[in-house]
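Listed here are the chains, written in short residue letters.
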Amino acid sequence: MLRKTLFLIAACAMVASVTAGNVQVQVLDKEGRPVPDAVVVVYPSTPAAPVASNATIGQQRMRFVPLVTVVAPGSRVRFTNLDRWDHHIRGTAAVNNVPGAPLGTNFEMRLAGATADATGGEADVVVQEPGAVLLGCHLHGSMRGHLFVTDSAYTLKTDADGIARFDQIPEGAAQLRVWHPEQLVDLPRRALQIGAAPVLESVPLSVVPRRRRS
């Protein structure tokens, strides 16, 4: 009986290994340079809903940190003011949202500045609808951040080399979507075929995103 059980476990592992593939996507600007902080979403033929989680977005040195945050619907997002001055945060639906999608979560909050003894104000928002949300500050117009609420479990941000690496994507037909806050016209989705061989894709934007100050 034990041998049969071990065989079944091994067989299931073999099936899993041949029914999933790896995908690597590199996002480039229109001049061919890597683009970090782009959101890459894969929609396999066997969809998987993302799992809600908690995330924190800081306000530090007049910036949102991180610049782009990816979460699932139902996630709780905490905004924490680390600056010595107040921020009046707002979140509104981005203009390059998913076509036909709901407007998503709109919110605003005022957060007191930090002191020498404690961080500043904190407030939580629970996001429910998929889509992109533009973050800003009523008091400091230069502040920009982005919250991407995804509808796929296979969602990543690109790294400093503009690359997102996915493991164990279900085999079969899939769609690829790339989102970037400065790509105002949403890029068309690409058709992929996931198999045993790794899938390598390069996606160019039609813009050159501004470099964020250090």
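Residues numbered from 1 in each chain as written. Predicted model: local features only at pLDDT ≥ 70, side-chain atom pairs only at ≥ 80, totals over all residues. Heavy atoms only, no water.

What follows deals with the overall build of the chain. Per the secondary structure count, the chain includes 1 helix and 16 strands. For the chain, the proportion of its 214 residues judged to be buried stands at 42%. Relative to all contacts within the chain whose residues are 6 or more apart in sequence, the contacts with residues 24 or more apart total 68%. For the chain, the exposed surface amounts to about 11400 Å²; the carbon and sulfur share of it is 57%. (Helix = DSSP H or I, 4+ residues; strand = E, 2+ residues; numbered from the N terminus. Buried < 20%, exposed > 50% of the residue type's maximum accessible area, 1.4 Å probe, protein only. Contact = heavy atoms within 4.5 Å. Areas by Shrake-Rupley, 256 points an atom, 1.4 Å probe, with all protein chains shown as cover.)

Tracing the backbone through its elements, the reader meets Gln 183 in the loop between β14 (172-179) and β15 (190-194). A distance of 3.0 Å separates a polar side-chain atom of Gln 183 from the backbone oxygen of Val 185. (Polar contact = N/O pair within 3.5 Å; in protein donor to acceptor, adjacent residues only side chain to side chain.)

Attention now moves to the sheet that holds strand β10 (residues 131-137). Read across the open sheet, the 5 strands follow the order β5-β11-β10-β7-β8; overall the sheet is mixed. Every interior strand has two partners, whereas the edge strands, β5 (68-71) and β8 (107-111), have only one. Here the strands of the sheet are splayed against their neighbours by 20 degrees on average, with no regard to which way each runs. Here β5 runs beside strand β11 (residues 144-149); their pairing, made up of 4 bridges, is parallel. By the bridge assignment for β11, Thr 69 is matched with Leu 147. (Pairing = 2+ DSSP bridges. Axes fitted to C-alpha atoms, helices over the stretch in contact; angles between N-to-C directions.)

With respect to topology, 4 strands assemble into an open sheet ordered β12-β2-β14-β15, the strand pairing being antiparallel. Looking at strand neighbours, the two that pair on one side only are β12 (155-157) and β15, the edges of this open sheet. Sheet twist, expressed as the average angle between the axes of neighbouring strands with direction ignored, equals 25 degrees. By the bridge criterion, 3 bridges tie strand β2 (residues 39-44) to β12 in an arrangement that is antiparallel. In the strand pairing of β12, Val 39 is matched with Lys 157.

Turning next to the nonpolar core. Of all hydrophobic cores here, the largest spans 20 residues; its most connected members are Val 23, Val 27, Val 40 and Phe 166. Those elements that provide at least two residues to this core are β1 (20-28), β2, β13 (163-170), β14, β15 and β16 (199-204). Within the second largest apolar cluster, 18 residues are counted, among which are Val 77, Phe 107, Leu 135 and Cys 137. (Core = buried A, V, L, I, M, F, W, Y, C linked by side-chain atoms within 4.5 Å.)

Moving on, we come to the environment of Gly 58. The topology assignment puts Gly 58 in strand β3 (residues 54-60). When the C-alpha atoms of Gly 58 and Phe 79 are compared, they prove to be 5.8 Å apart, with 21 residues separating the residues in sequence.

Attention now moves to the side chain of Gln 59. With respect to the helices, strands and loops of the structure, Gln 59 is situated in strand β3. Among the polar contacts made by the side chain of Gln 59, one reaches the main-chain carbonyl oxygen of Ile 57 at a distance of 3.0 Å. Beyond its immediate sequence surroundings of up to four residues, Gln 59 is in contact with Phe 64, Phe 79, Thr 80, Asn 81, Leu 82, Asp 83, His 87, Ile 89, Leu 111 and Met 143.

Moving on: the confidence of the model for the chain. Scored by pLDDT, the chain has a mean of 87; 85% of the residues are at 70 or more. Residue range residues 1-18 is modelled with pLDDT below 50. Its contacts to residues more than four positions away, or to other chains, number 2 contacts. Here residues 99-104 is a poorly scored stretch, pLDDT under 50, and it has 8 contacts once near neighbours within four places are set aside; other chains count. (pLDDT = per-residue confidence, 0-100.)

We now examine the pattern of salt bridges. The full count for this structure, using the stated rule, is 11 salt bridges. Put simply, Arg 76 and Asp 124 hold a salt bridge, and the shortest N to O gap is 3.9 Å. Taken together, the residues span a long stretch of sequence, with Arg 76 in strand β6 (residues 76-81) and Asp 124 in strand β9 (residues 122-126) at a distance of 48 residues. With a relative accessible area of 32%, Asp 124 lands in the partly exposed category. (Salt bridge = Lys/Arg side-chain N within 4 Å of Asp/Glu carboxyl O.)

Bringing the pairing of β8 into the picture now. Side chains of β8 alternate between two faces, with Phe 107, Met 109 and Leu 111 buried and Glu 108 and Arg 110 left unburied. In this structure, strand β7 (residues 87-93) lies alongside β8, joined through 5 bridges in antiparallel fashion. Bridged to Ile 89 within β8 is Met 109.

Bringing the packing of aromatic side chains into the picture now. Considering all chains together, one arrives at 2 aromatic pairs under this definition. Considering the side-chain rings of Phe 79 and Phe 107, the 5.6 Å spacing of their centres and the 50 degrees angle between planes classify their relative orientation as tilted. Highlighted residues: Phe 79 in strand β6 and Phe 107 in strand β8, separated in sequence by 28 residues. Between the aromatic rings of Phe 148 and Trp 179, the centroid separation amounts to 5.3 Å while the plane-to-plane angle is 50 degrees, which identifies the pairing as tilted. Of the two residues, Phe 148 is situated in strand β11 and Trp 179 in strand β14; the sequence distance between them amounts to 31 residues. Here Phe 148 and Trp 179 have matching classes, each one buried. (Phe/Tyr/Trp six-rings, centres within 6.5 Å; stacked < 30°, edge-to-face > 60°.)

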